[in-house]
Amino acid sequence: MAMSLPHQIGAISGTQILAESGNVSSEPAAAATVKASALLRSPATNLRCAGQKQGAEMDRLSPSPPLSPRIGGMRPDLSVACQALMEAPAMAEAATEEVVREHKEGVAGAQVKGKGVPVYVMMPLDSVTMGNTVNRRKAMNASLQALKSAGVEGVMMDVWWGLVERDAPGAYNWGGYVELLEMAKKHGLKVQAVMSFHQCGGNVGDSCTIPLPKWAVEEIEKDPDLAYTDQWGRRNHEYLSLGCDTIPVLKGRAPIQCYADFMRAFRDKFKHLLGDTIVEIQVGMGPAGELRYPSYPEQNGTWKFPGIGAFQCYDKYMLSSLKAAAEAAGKPKWGSTGPTDAGHYNNWPEDTNFFRKEGGGWNGPYGEFFLTWYSQMLLDHGERILSSAKAIFENTGVKISVKVAGIHWHYGTRSHAPELTAGYYNTRFRDGYIPIAQMLARHGAIFNFTCVEMRDHEQPQDAQCAPEKLVRQVALATREAQVPLAGENALPRYDECAHKQILRASALNIDGNSEEEREMCAFTYLRMNPDLFQADNWRRFVAFVKKMKGGKDVNQCREQVEREAEHFVHVTQPFVQEAAVALTH
């Protein structure tokens, strides 16, 4: 007996699809994803007991008187992608013609004034397998087609150093990425390609493990100081220490040279797609691809939100630089070590001599010297990689971007301790984001910032979290430096409250002036996974994309947008038939 279309798709995917209710049976996948309700923290929550007491014995005085995380990354279940397609519109082609913008010669990074914010969606972290093939090809294809139908501008994908150049220096295997990029091109989706020079695994939401290249790991095993190190000797293998950026420690090449060679090989392999399908290159500069130190590592429970983190400057290469800086400043004693009274990863600012508000070392001569050196080392690292990236991708039609972490906890304190340990010299008395924005502006790069979806009152108030105030400070810094600002959500959110906050933040009405003709240049949504394609979430997402595309005029036609989004979700033919045929091959 012939099966109905829903049963055919269910048979292909191995999962039952209920046509009447629109529900998809994908409990294991759904259960593994953090729900929005779990992310809304009560202001009354007191997290201070976690790790507050530890490390008191280490809280010694300094040598002189004195935390965007990503969560998610699950690959889309085939049946869920099919269900998403069953909710896609028959009028998809006509609808997408209206919202798709051709990005030529760098328009991807331009802030099109008042014309809306294009939405990209992050692909699963394991979109390419360890065997260099596309992971779950049929589900991937169906999911991309569903995103296209919703009016999404494009996708963001990690191009892992540890996959492509895994086996030998200079031996690049682009298998998987060739097919994935052609798939995106076929669906008319633009691509933000992330040059991921970090390890996958150890951060919030890392659903798979992709280490650094084997030959790089071998060198770290020979010389452990190539890894970032804290004051207790813990090594962090997420990303090579910037202290050895220019030293030929990797089989005769310096890390900066390795990064440049990788980007050059990517350019040469995909030059036919640059400026057309591939419109942006986001250059990884640290853990989770962000320009920062690995100061709040979750692996093995080392750090837990909202701890202050720890400085990462105790490998021999960083200490050598610190020693030279101290001697140049005429304070050689300051160069022997970093602060020794800055507490442990899970302390709070007032638990430490260095970060406390009254008489804290951070606000004294030694603290100013150390924090200036520590943050400048990070800026110099960014400058080196950006210089290479700009030269390599010049005249290719792509924009360059850099991701900066949204470290919003303890933002209301004087010292901003978690930002300081991450390398952002931002305190109540000093703006740490203007120097970053100015560095990016010198290279024409986009400032990509996280935690755009968060609201202050959702976060633990005893930890003085203030994501909205932080986003506003960054927006002001980018305005002053005249650098484009793009956004991401730090954690998966599918609720209306998060969508409204993103809409509000992306409009960049910094001074409450809705007439200001400046918006975010793009927004990247975290992440393509089964929960996104659940019926209610998908309905809200489609409406969200249309509102973002509507720009500052969205309030004038919100009801119309809602009606159109509802229609998008409920019309099923003939799109589903086309998807079903594709999924049988």
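Residues numbered from 1 in each chain as written. Predicted model: local features only at pLDDT ≥ 70, side-chain atom pairs only at ≥ 80, totals over all residues. Heavy atoms only, no water.

By the naming in an unreviewed UniProt entry, the protein chain goes by Beta-amylase and is assigned to Davidia involucrata. Under the heading Catalytic activity (unreviewed entry), UniProt records this for the protein chain: "Hydrolysis of (1->4)-alpha-D-glucosidic linkages in polysaccharides so as to remove successive maltose units from the non-reducing ends of the chains." Check the Sequence similarities (unreviewed entry) section of the UniProt entry for the protein chain; it says "Belongs to the glycosyl hydrolase 14 family." (UniProt positions renumbered as here; feature names shortened; annotations may be inferred.)

Here we look at the pattern of salt bridges
For the structure shown, the criterion picks out 27 salt bridges. The partner of Arg 137 in a salt bridge is Glu 179, and the shortest N-O contact between them spans 2.4 Å. Of this pair, Arg 137 sits in helix H6 (residues 137-149) while Glu 179 is found in helix H8 (residues 177-186), placing the two residues 42 residues apart along the sequence. Among the ionic pairs, Asp 261 bridges to Arg 253, the shortest N-O distance being 2.8 Å. Of the two residues examined, Asp 261 and Arg 253, each falls in the buried class. In this structure, a network of salt bridges that share partners links the residues Glu 165, Arg 253, Asp 261 and Arg 264. (Salt bridge = Lys/Arg side-chain N within 4 Å of Asp/Glu carboxyl O. Helix = DSSP H or I, 4+ residues; strand = E, 2+ residues; numbered from the N terminus. Buried < 20%, exposed > 50% of the residue type's maximum accessible area, 1.4 Å probe, protein only.)

Observations concerning the confidence of the model for the protein chain
Close reading of the predicted structure is inappropriate where its pLDDT is low. Here the protein chain shows a mean pLDDT of 82. Residues at 70 or above account for 73%. Overall, residues 1-112 carries pLDDT values under 50, and its contacts beyond four positions in sequence, including any with other chains, amount to 285 contacts. When the criterion is pLDDT under 50, residues 571-585 qualifies, and its contacts beyond four places in sequence or with other chains add up to 36 contacts. (pLDDT = per-residue confidence, 0-100. Contact = heavy atoms within 4.5 Å.)

Regarding the sheet that holds strand E8 (residues 446-449)
Read around the closed barrel, the eight strands follow the order E1-E2-E3-E6-E7-E8-E9-E10; overall the barrel is parallel. Looking at each pair of strands side by side, their axes are set apart by 30° on average, direction ignored. Contacts from helix H10 (residues 255-269) reach strand E2 (154-160), strand E3 (190-196) and strand E6 (278-283) within the one sheet, and its direction differs from that of E3 by about 155°. (Pairing = 2+ DSSP bridges. Axes fitted to C-alpha atoms, helices over the stretch in contact; angles between N-to-C directions.)

Comments concerning helix H9 (residues 214-222)
Buried within H9 we find Trp 215, Ala 216, Glu 219 and Ile 220. One face of H9 carries all of its buried residues, which in axial projection span an arc of 150°. (Arc of directions from axis to C-beta.)

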